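So the chains spell out like this:
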Amino acid sequence: MVLEGNPEVGTPRTSDLQHPGNKDSCILSSSEDAQPGEEPIKYGELIVLGYNGCLASGDKGRRRSRLALSRRPHANGVKPDVMHHISTPLVSKIGRSTENMIDFVVTDTSPGGGAAEGPSAQSTISRYACRILCDRRPPYTARIYAAGFDASSNIFLGERAAKWRTPDGLMDGLTTNGVLVMHPAGGFSEDSAPGVWREISVCGNVYTLRDSRSAQQRGKLVENESNVLQDGSLIDLCGATLLWRTPAGLLRAPTLKQLEAQRQEANAARPQCPVGLSTLAFPSPARGRTAPDKQQPWVYVRCGHVHGYHGWGCRRERGPQERECPLCRLVGPYVPLWLGQEAGLCLDPGPPSHAFAPCGHVCSEKTARYWAQTPLPHGTHAFHAACPFCGAWLTGEHGCVRLIFQGPLD
């Protein structure tokens, strides 16, 4: 599979590529990939962080927030063959997102959800962001590599990209802003803990991080780690972060039906605003994240007290979002609560008991605590924990808060 971003131009091209016959490199899940009457074998899914189940403009074609990888009728995997150098890189035909070698198009995700737009939103994702090769035989091992191919099926690196010759004579290199991978400790489960971020090269070797994303000097080779994707592995393309889920991992994840049952159960408890005494209810996901309705639960993210919307307690000297909780007097952001709807981001099917601060997305305690302690790359130097449902940077001591509801008085 090849993921595509913004243009990556320059020199040199490394290796013409041939089919080894037992791997898939360009994979897109569709009914056309299966033989008549049989379901395609799924290798796994990639979930783009920050969209909560669907792109703002809707999932269409190769632009979508959840990318399913399945086995093709015929292998199209690749292996190194011949190395070429070119002196006029702009003369070489550079692939665009309309070409069939690219399976999915990933755009930069802005904090708070949605894709970066406008002329000032310069993409930092490489034109050919990364490749994923999957074994066609069990256990269908998936491996990630930096960079994809140009229109002539050659690996193509930017002029500023770090590149070198390996001891066995092959060319290896890094994309301009790098492809980073983090494998969680303990898998993607209730006992997961964040791992260490590494950088993946064109040949799939693992390196420590460079001093900055675009530095010319590569990091140190990590010989005891591999580019094999695990359930819960994070892939950062310098502008968008993706989560890899295996079929076995997805079977353990809650389903949309379970999430809907949890929403209905929470609403059936008839939580009330402790001041206005109005009954609160989480809106249906079919309504989407529009303006909050009159029954929408709101929360003070510093203390976790849940209310209905009200206009008092503003502390404008501290900012327009700062409010004083009428129950405990703590001052902080006061935001509407939204249920997390991307089930693949959840570690367990636990009840929606915690909310990320300051965005107000709700999920289980273990899911909230895992993402709150997972640093995600930002820019060329920084790391920040972020809400996986909308991409907003987390704030506060813990990045999330336990929700405190008041039940009905009757």
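The protein has the name E3 ubiquitin-protein ligase pellino homolog in an unreviewed UniProt entry, where Ictidomys tridecemlineatus is given as its organism. If you open the UniProt record of the protein and go to Catalytic activity (unreviewed entry), you find "S-ubiquitinyl-[E2 ubiquitin-conjugating enzyme]-L-cysteine + [acceptor protein]-L-lysine = [E2 ubiquitin-conjugating enzyme]-L-cysteine + N(6)-ubiquitinyl-[acceptor protein]-L-lysine." Among the UniProt annotations of the protein, the heading Pathway (unreviewed entry) holds the following wording: "Protein modification; protein ubiquitination."

Participant: Could you give an account of the packing of aromatic side chains, naming the residues involved and the relevant values?
Facilitator: Overall, the coordinates contain eleven aromatic pairs when judged by the stated rule. Taken together, a centroid distance of 5.7 Å and an interplanar angle of 85° make the contact between Phe-188 and Tyr-370 edge-to-face. Within this pair, whereas Phe-188 is found in the loop between strand 13 (180-182) and strand 14 (197-200), its partner Tyr-370 is found in helix 3 (residues 365-372), the two being separated by 182 residues in sequence. Overall, the relative accessible area of 2% leaves Phe-188 in the buried class. Exposure remark for Tyr-370: the relative accessible area of 2% places this residue in the buried category. Three or more aromatic residues joined by ring pairs form one cluster here, namely Trp-298, Tyr-300, Tyr-309 and Tyr-334. When the ring centre of Trp-164 is taken as reference, the NZ or CZ atom of Arg-218 above it lies at 4.2 Å.

Participant: Quick one: what's the story with the environment of Asn-76, residue by residue and with numbers?
Facilitator: Considering the arrangement of structural elements, one finds Asn-76 in the loop between strand 5 (66-70) and strand 6 (79-80). Measuring from C-alpha to C-alpha, the distance between Asn-76 and Leu-133 comes to 9.3 Å, with 57 residues separating the pair along the chain.

Participant: So what about the sheet that holds strand 23 (residues 354-356)? Which residues, and what values?
Facilitator: The strand order 22-24-23-27 describes an open sheet built from four strands, whose pairing is mixed. Each edge of the sheet is formed by a strand with only one pairing partner; in this case those strands are strand 22 (338-339) and strand 27 (400-402). Of the strands in this sheet, strand 23, strand 24 (361-363) and strand 27 touch helix 3, which is tilted by about 30° from strand 23.

Participant: Give a detailed account of the nonpolar core, specifying residues and quantitative values.
Facilitator: Of all hydrophobic cores here, the largest spans 28 residues; its most connected members are Leu-46, Leu-69, Ile-132, Ile-144, Ile-235 and Leu-237. Contributing elements (two or more residues each) for this core: strand 4 (42-48), strand 5, strand 8 (128-135), strand 9 (142-146) and strand 17 (241-245). At four residues, the largest contribution of residues to this core is made by strand 8. With 27 residues, the next largest nonpolar core counts Ile-47, Met-182, Phe-356 and Cys-359 among its residues.

Participant: I'd like to hear about unusual backbone geometry, residue by residue, with values.
Facilitator: A cis amide bond, omega 5°, links Pro-138 with the succeeding residue Pro-139. Within the element layout of this structure, Pro-139 appears in the loop between strand 8 and strand 9. Even without being glycine, Asn-52 reaches a positive phi, approximately 55°. Notably, Arg-329 is not glycine yet its phi reads approximately 70°, a positive angle. Within the element layout of this structure, Arg-329 appears in the loop between strand 20 (322-324) and strand 21 (331-336). Arg-329 gets classed as exposed once you look at its relative accessible area, which sits at 54%.

Participant: Tell me about the environment of Lys-294, and please be specific about residues and values.
Facilitator: Relative to the elements of secondary structure, Lys-294 occurs in the loop between helix 2 (256-268) and strand 18 (298-300). Here the alpha-carbon distance between Lys-294 and Ser-278, two residues 16 residues apart in the chain, equals 9.3 Å.

Participant: Describe helix 2, and please don't skip the residues or the numbers.
Facilitator: Helix length check: helix 2 (13 residues) gives 18 Å between terminal C-alpha atoms against 18 Å at 1.5 Å per residue, within 8%. Every buried residue of helix 2 is accounted for by Leu-259, Gln-262, Arg-263 and Asn-267. Seen along its axis, helix 2 keeps its buried residues to an arc of 130°; they face one direction. In helix 2, those exposed residues whose orientation departs by more than 90 degrees from the buried face are Lys-257, Glu-265 and Ala-268. The inward-facing, buried residues of helix 2 contact strand 22.

What counts, and at which threshold
- Residues numbered from 1 in each chain as written.
- Predicted model: local features only at pLDDT ≥ 70, side-chain atom pairs only at ≥ 80, totals over all residues.
- Heavy atoms only, no water.
- UniProt positions renumbered as here; feature names shortened; annotations may be inferred.
- Phe/Tyr/Trp six-rings, centres within 6.5 Å; stacked < 30°, edge-to-face > 60°.
- Helix = DSSP H or I, 4+ residues; strand = E, 2+ residues; numbered from the N terminus.
- Buried < 20%, exposed > 50% of the residue type's maximum accessible area, 1.4 Å probe, protein only.
- Lys NZ or Arg CZ within 6 Å of the ring centre and 35° of its normal.
- Pairing = 2+ DSSP bridges.
- Contact = heavy atoms within 4.5 Å.
- Axes fitted to C-alpha atoms, helices over the stretch in contact; angles between N-to-C directions.
- Core = buried A, V, L, I, M, F, W, Y, C linked by side-chain atoms within 4.5 Å.
- Expected span 1.5 Å × (residues − 1).
- Arc of directions from axis to C-beta.

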